[in-house]
Amino acid sequence: MQAWRVGGELGSFCMLRLSERFTSSCHGAGFLFLILALVLPAPAALADDVSLDIPIQYETLDNGLRVVLSPDDTVPTVTVGLYFGIGFRSEPPGRTGYAHLFEHLYFAGAELRGDIPFDAIIAQTGGNSSAYTRFDFTRYISTVPSNALDMILWAEADRMSAPLLTDRHITTHRNTVRNEIFLNVENQPYQGWPLIDLPMTAFENWHNSHNFYGDLSDLDAATAEDARAFFRQYYTPNNAVLVIAGDFDAETVRTRIRDWFGPIPSGPPLPELDVSEPEQTAERRRDLVYPNASQPGIAVGYHMPPRGTPEYYAMMLIDMILISGDDARMQRLVASEGFGSRVSGSINALGNAYNYQGPMLWEYNIVHPETVNSDDVLDLLEGEIARLREELVSPDEIARARAKRLVEFYISIDDPSTRDGIVDLLASFALFDDDPTRINRIEEGIEHVTPELIRETARTYLSPHQRSVVVAIPGSGEEGGE
Amino acid sequence: MDLTGLCTRFALPGLLALSALFAPAQAQPESERSAANAHLPPRIEPPGPVPGFATPNNWTVELDNGLKITFIPWGMTPTVDIRVVVRAGNIDEGQNTWLSDLTVEAMAQGAGGRSDDEIAEAFGAMGGSLSSSVVTDRSTFASFVLAEHGPEALALLAETVREPDFPPERFEAARTTIIQLAESWRQQPAMQGMAAVNLYQHPEDHPFYRTIPTREQLTGYSLRDVRRFHRRHFGAGRTHIYITGQFDADAMEAAAREAFSDWERGPADEGIDAAPQVGNVVHLIDRPGAPQSTVFLTYPLPGIDSKTAPALEVMDVVMGGMIAGRMLDTGYSYAPQTYIDWARGGAAWTYSDDIDTANTVAAMQDVLTMIDYSRFRPLGTEGVADWMISRFIMSTGARFSLVGQIAFRNAFDLPIDYLDTYADQIRRVDEHAVLNLAREYLTRDRLTLVIVGDLDQIEAGLRALPALQGARFVRQDADGTLH
């Protein structure tokens, strides 16, 4: 009854500039789409092949709504992703967990459909819908049979125009959110370790370091007027990206979007937001007790280089070299030590290496037998990082890292049915960069990583004084985890 | 902690049935519309039947030794996903809980004269890794690699499945891995609950009776036990390979023949059944201070090969929609779900959930009322078939679930056209068929209910629920003591 024993996160991507985040990029009147044939360059291993050719049509409406169309009729379904540039990083102080609470509220009702839940409307078509909140965005995604595209566009336009946000809706959804927190955190053996506890340790700026699930007292204090103000500020066309991927007629869809989303008025400018982190000069560490856990663990985070830089791509390969796959250094180390568990980790543990904007962690963690001291485990694994700072990786090792990163990318987008990965990438690039074609330059960045760059990146970003550590201590004690 | 499911929704067509029991949701009267959406039509007509979609092309080749290879050329990227599935799992362990897990873990420690490090590097160079897993009735060895490495990856997988070296110096590491896994299961309320369900679904001498092995069990297994398990339960006749993605079919078939043709057919499947049994029991596990109650409510059903299987699936969807809709309407829980576990010789329908402690009794009252209701009045099934067929198309159109669908068909020896005729089978189910099934199978005396939670808060209320008055109650203290 074993779970799959291989780790390695599924990648997708994004390279973003902070300055563009809140730009409402109106490209003049009309609805002229740029037709872009997006061709992913052949990786080195497939030198003679052009592997992918994803069609993209991109335009920005007069009200600032960015629209990405990606037709593909392989399967008779269509996926609609709506991303808003509001995540838990940007929620206002005193409103912890609010971005996430609002995500739930947004399903509750809208003027035309009334109290019938959004997902019930979608389900009646045979589709499904879901949503999640991350550091820098809240996303809503639905997949429906191709003949139901009108229904989903109408339902999205309905709630984007006039959602029902009453105290009654808040009460119900607050209860659901509380249960979500109980399920995912409070009633789990390791509670908020490491996904919540590590960022709270590693970051100093409140925007990055607060409990994004929210303090229950903040959630309890939420009112309908708060929700309406939040909606007016953040759920605006100029802070949103609409992606449609799958089996549809592009001309018809353009008309629908122009008619149904075009009239939604732009919102106010977005508030100034400083998410920058001070430079870390000393190790940060917390030892936290988790009463329901039975084994100790360590979680370690380092600050990522700015996105899009050569060092950022080097970190992608360092992630592969150290953690991803059985051949990764840390996996081999813990296997040879016989710990019986694997090292987990990734860039942006709550998303992927591409769908964030701002300070971010590369992290790793392991639950280990109680017969081994956590500090010894930390020293052992950090020894591999020290090696990266001192020695050049071999050509074979960097080739393996590139191949693994490439396969992870392919896995993440290889779904002609629901297209979750492709929609995520296109939306992220459009939202943060106003340029979904950035998808095309990721492999180039990875290809240019050299052993020297990896060593330099490790020396610059992976020194002991730059790390943050949260040690999970099992059993009862004074201090509980977050 | 899994945050990826944040806000996944469950509003299934069964919401229609829900409205018969609780206050129905209403659309806004047109006269109350604001100007904000004046540009939108007041409503959209239903889209009509789901567009058709043929199951993607796939074919199967059988070697002389009984090994089967299914080719599924479906995928958008130049990668190939190879899964070697062997009909060997927990059901073959007898009383030796998780001996199959330990065997598979030990198999991954070295094969064909290569060390685990060498195997890891070889797969890594192809962009992949060796994955292995064990479930109730099968073991899977798999890798996902760049397409051009398909034949090479297949050969490597063959070494692991056929010629594990079981290096003695790595055996303790494999054992520790399985001990760690068992420990992680023991900590989780969902796993504690599932383990309790199995106490009532299977007799004491069945391999599934014990879900999580004790540490003593795991430390007692020897390398000899592991070798014997491999010898007795692995062989070409019990193996099915699935190759999915973009690949050169001729080259892959040649590689498969080269790697597997001379493997012995091996022992036949012993054919042990695992049909869930009737419980008529409520098992409460104390987890003092727990903010939620983890619930498993389950009823035995006929198996996937029964004529009623399509109607059972419809029943699950309708019931699931109704229950999930109620939970989300009230905020009692975040991730309610229902599902059918198809097993060898039978099945079980299950509602599982995590309900906040304060509302546990009220929520269970509602759930049991809805189940009672389903036996007395037809639940609305309008739209259910289209919903199910749509979900089926999404599943068969997606690369990773397509192979799962095909493997499911094969695992239960279902007709070769099972996937092609699924939509028609579902469309033929009517609400009276569902009503009859609910009457036969969702009766109070057939349930097994397990709840892991803070019993000080919930036990008295649960014991007083009318629908549970005929059931035997078992209380399990936090230290494991049973009453």
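In this convention, every chain numbers its residues from 1, walking through the sequence in written order. Chains and ligands are labelled by the order in which they are written, letters from A for the one and numbers from 1 for the other. In view of the model being predicted, local features appear only for residues whose pLDDT reaches at least 70, and side-chain atom pairs are presented and counted only at 80 or more, with totals across whole chains, interfaces and linings using the full set of residues. Hydrogens and water are ignored here; the side-chain numbers use all heavy atoms of the structure.

Trainee: How would you sum up the nonpolar core? Please name residues and give values.
Mentor: In this text, buried Ala, Val, Leu, Ile, Met, Phe, Trp, Tyr and Cys residues form a nonpolar core when linked through side-chain atoms within 4.5 Å. For every residue, the accessible area obtained with a 1.4 Å probe (protein chains only) is divided by the maximum for its type, and the residue is called buried under 20%, exposed over 50%, and partly exposed between those limits. If you look at the biggest cluster of nonpolar residues, it comprises 140 residues, and the most contacted ones within it are Tyr235(A), Ile244(A), Phe261(A), Trp362(A), Tyr364(A), Leu381(A) and Ile454(A). Elements are defined by DSSP. Helices are runs of H or I of four residues or more, strands are runs of E of two residues or more, and each kind is numbered from the N terminus. The element contributing the most residues to this core is helix H10 (residues 310-322) of chain A, with 10 residues. As used throughout, domain bounds are those supplied by an automatic or database domain assignment. Of the residues that make up this core, three or more belong to each of domain 1 (23-260) and domain 2 (284-474) of chain A. Beyond its immediate chain neighbours, meaning those up to four positions away, Phe261(A) contacts Leu61(A), Asn63(A), Leu65(A), Leu153(A), Glu156(A), Ala157(A), Met160(A), Leu242(A) and Arg256(A). Grouped together as the second largest cluster of nonpolar side chains are 73 residues, Leu379(B), Trp387(B), Tyr418(B) and Ala438(B) included. Here, two residues are considered to be in contact whenever any of their heavy atoms come within 4.5 Å of each other.

Trainee: Let's hear about the sheet that holds strand S8 (residues 284-290) of chain A: which residues, and what values?
Mentor: Residues and elements named next belong to chain A. What the five strands build is an open sheet, ordered S8-S12-S9-S11-S10; its pairing is mixed. The open sheet terminates on both sides in strands that have one partner only, identified here as S8 and strand S10 (344-347). Strand-to-strand twist of the sheet, defined as the mean angle between neighbouring strand axes without regard to direction, takes the value 10°. Pairing between strands is defined by DSSP: at least two bridges between the two strands are required. As defined by bridge partners, strand S9 (residues 297-303) adjoins strand S11 (residues 361-367) across seven bridges and the pair is classed as antiparallel. Each axis is a line fitted through C-alpha atoms, and for a helix only the stretch in contact is used; angles between axes span 0 to 180 degrees, taken between their N-to-C directions.

Trainee: Got a sec to walk through unusual backbone geometry? Specific residues and values, please.
Mentor: Residue Trp193(A) is joined to Pro194(A) through a cis peptide bond whose omega torsion reads -5°. Mapping Pro194(A) onto the fold places it in the loop between helix H4 (167-186) and helix H5 (197-202). We note that Asp413(B) has phi near 50°; this positive angle belongs to a residue other than glycine. Secondary-structure assignment places Asp413(B) in the loop between helix H13 (399-411) and helix H14 (418-427).

Trainee: Help me get a handle on the pattern of salt bridges, residues and values and all.
Mentor: Salt bridges are defined by distance alone: a side-chain nitrogen of Lys or Arg within 4 Å of a carboxyl oxygen of Asp or Glu. A full pass over the atoms with the stated rule returns 54 salt bridges over all chains. Residue Asp115(A) pairs with Arg168(A) through a salt bridge whose shortest N-O separation is 2.9 Å. Taken as a pair, Asp115(A) in the loop between helix H1 (98-105) and helix H2 (118-124) and Arg168(A) in helix H4 lie far apart in primary sequence, 53 residues in all. As a salt-bridge pair, Asp420(A) and Arg139(A) come within 2.6 Å of each other at their nearest N and O atoms. Note that Asp420(A) is positioned in helix H14 (residues 420-433) and Arg139(A) in strand S6 (residues 138-145), a separation of 281 residues in sequence. A relative accessible area of 2% means that Arg139(A) is categorised as buried. Through salt bridges with shared partners, a single ionic network connects Asp327(A), Arg332(A), Arg400(A), Lys404(A), Asp117(B) and Glu121(B).

Trainee: Can you tell me about the packing of helix H12 (residues 374-390) of chain A against helix H16 (residues 451-461) of chain A, naming the residues and giving the values?
Mentor: Residue and element names in this part refer to chain A. Viewed as axis vectors pointing N to C, H12 and H16 meet at an angle of 120°, and their least axial separation amounts to 7 Å. Here H12 lies oblique to H16, going by the angle between them. At the point where H12 passes H16, the crossing takes the left-handed sense. Residue-level inspection shows Leu 388, Arg 389 and Glu 390 of H12 in contact with H16, the latter providing Ile 454, Arg 455, Ala 458 and Arg 459. Roughly parallel refers to an angle under 35 degrees, roughly antiparallel to one over 145, roughly perpendicular to one between 65 and 115, and oblique to any angle outside these ranges. Should the near helix be turned anticlockwise from the far one by less than a right angle, the crossing is left-handed, and should it be turned clockwise, the crossing is right-handed.

Trainee: Pulling in residues and values, what's your account of the interface of chain A and chain B?
Mentor: Contacts between the two partners involve 109 residues from chain A and, on the opposite side, 108 residues from chain B. Buried surface at the junction of chain A and chain B, summed over both partners, amounts to about 8,700 Å²; 60% is from carbon and sulfur atoms. If you look at where chain A meets chain B, you find five salt bridges. The partner of Glu370(A) in a salt bridge is Arg215(B), with the nearest N and O atoms 3.8 Å apart. No other element matches H4(A), which puts 11 residues into the side of chain A that touches chain B. Of the residues that constitute the side of chain A that touches chain B, the class distribution is 50 nonpolar, 38 polar and 21 charged. Accessible-area loss on putting two parts together, using a 1.4 Å probe and summing over both, is the definition of buried area adopted here. Each residue receives one of three labels: charged for Asp, Glu, Lys and Arg, nonpolar for Ala, Val, Leu, Ile, Met, Phe, Trp, Tyr, Cys and Pro, and polar for the others, Gly being one of them.

Trainee: Explain a positive patch on the surface to me, using residue names and the numbers behind them.
Mentor: On the surface, Arg224(B), Arg227(B), Arg231(B) and Arg232(B) cluster together into a patch of positive charge. By the element assignment, Arg227(B) lies in helix H8 (residues 223-233). Like-charged residues are merged into a patch within 9 Å and nonpolar side chains (Val, Leu, Ile, Met, Phe, Trp, Tyr) within 5 Å, provided each residue has over 30% relative accessible area and no salt bridge. What sets the accessible areas is the Shrake-Rupley method with a 1.4 Å probe; for residues, cover comes only from the shown protein chains. Positive charges are assigned to Lys and Arg, negative charges to Asp and Glu, while His and the chain termini are left out of the count. To locate a charge, the coordinates of NZ of Lys, CZ of Arg, CG of Asp or CD of Glu are taken.

Trainee: I'd like a description of the sheet that holds strand S12 (residues 346-356) of chain B, backed by residues and values.
Mentor: All names here are of chain B. Pairing is mixed in the open sheet, where six strands are placed in the order S11-S12-S10-S13-S9-S14. The open sheet has two edge strands with one neighbour each: strand S11 (337-343) and strand S14 (472-476). Ignoring which end each strand starts from, the neighbouring axes of this sheet average 15° apart. Of the strands in this sheet, strand S9 (281-286), strand S10 (292-301), S12, strand S13 (448-453) and S14 touch helix H6 (residues 189-201), which is tilted by about 30° from S10.

Trainee: Go over the packing of aromatic side chains, please, and point to the residues and values.
Mentor: Stacked, tilted and edge-to-face pairs are distinguished by plane angle, under 30 degrees for stacked and over 60 for edge-to-face with tilted covering the rest, among Phe, Tyr and Trp rings (Trp via its six-membered ring) whose centres lie within 6.5 Å. Within this structure, the stated rule accounts for 40 aromatic pairs over all chains. Ring geometry for Phe230(A) against Tyr234(A): centres 4.9 Å apart, planes inclined by 50°, an arrangement best described as tilted. Placement of the pair is Phe230(A) and Tyr234(A) together in helix H8 (residues 224-234), with a separation of four residues, close to one helical turn. Residue class for Phe230(A) comes out buried when judged on its relative accessible area of 5%. When its relative accessible area of 9% is taken as the criterion, Tyr234(A) is described as buried. Ring centres of Phe141(B) and Phe234(B) lie 6.4 Å apart, and the angle between their planes is 65°; on these two criteria the pair is classed as edge-to-face. Remark: Phe234(B) occurs in the loop between H8 and strand S8 (239-245) and Phe141(B) occurs in strand S7 (residues 139-146); sequence separation between them is 93 residues. Taken as a pair, Phe141(B) and Phe234(B) share a single burial class, namely buried. Following the ring pairs from residue to residue traces out a cluster consisting of Phe84(A), Tyr98(A), Phe102(A), Tyr106(A), Phe107(A), Phe118(A), Tyr140(A), Phe230(A), Phe231(A), Tyr234(A) and Tyr235(A). Placement of a charge over a ring requires the Lys NZ or Arg CZ to be within 6 Å of the ring centre, with the centre-to-atom vector within 35 degrees of the ring normal. For the cation-ring pair, Arg134(A) lies above Tyr132(A), with the distance from its terminal atom to the ring centre recorded as 4.0 Å. Over the ring of Phe118(A) we find Arg159(A), and its NZ or CZ is 3.5 Å from the ring centre.

Trainee: Hey, could you go over the domain arrangement of chain A for me, with residue numbers and the actual values?
Mentor: Reports often express the size of an interface as the amount of accessible area lost when the parts come together. Residue and element names in this part refer to chain A. Taken as a whole, chain A is organised into domain 1 (23-260) and domain 2 (284-474). Relative placement of domain 1 and domain 2: their C-alpha centres are 26 Å apart. The partner domain 2 presents 61 residues to the 60 residues of domain 1 that form the contact. Between domain 1 and domain 2 lies a buried interface of about 4,700 Å² when both sides are counted; carbon and sulfur atoms form 67% of it.

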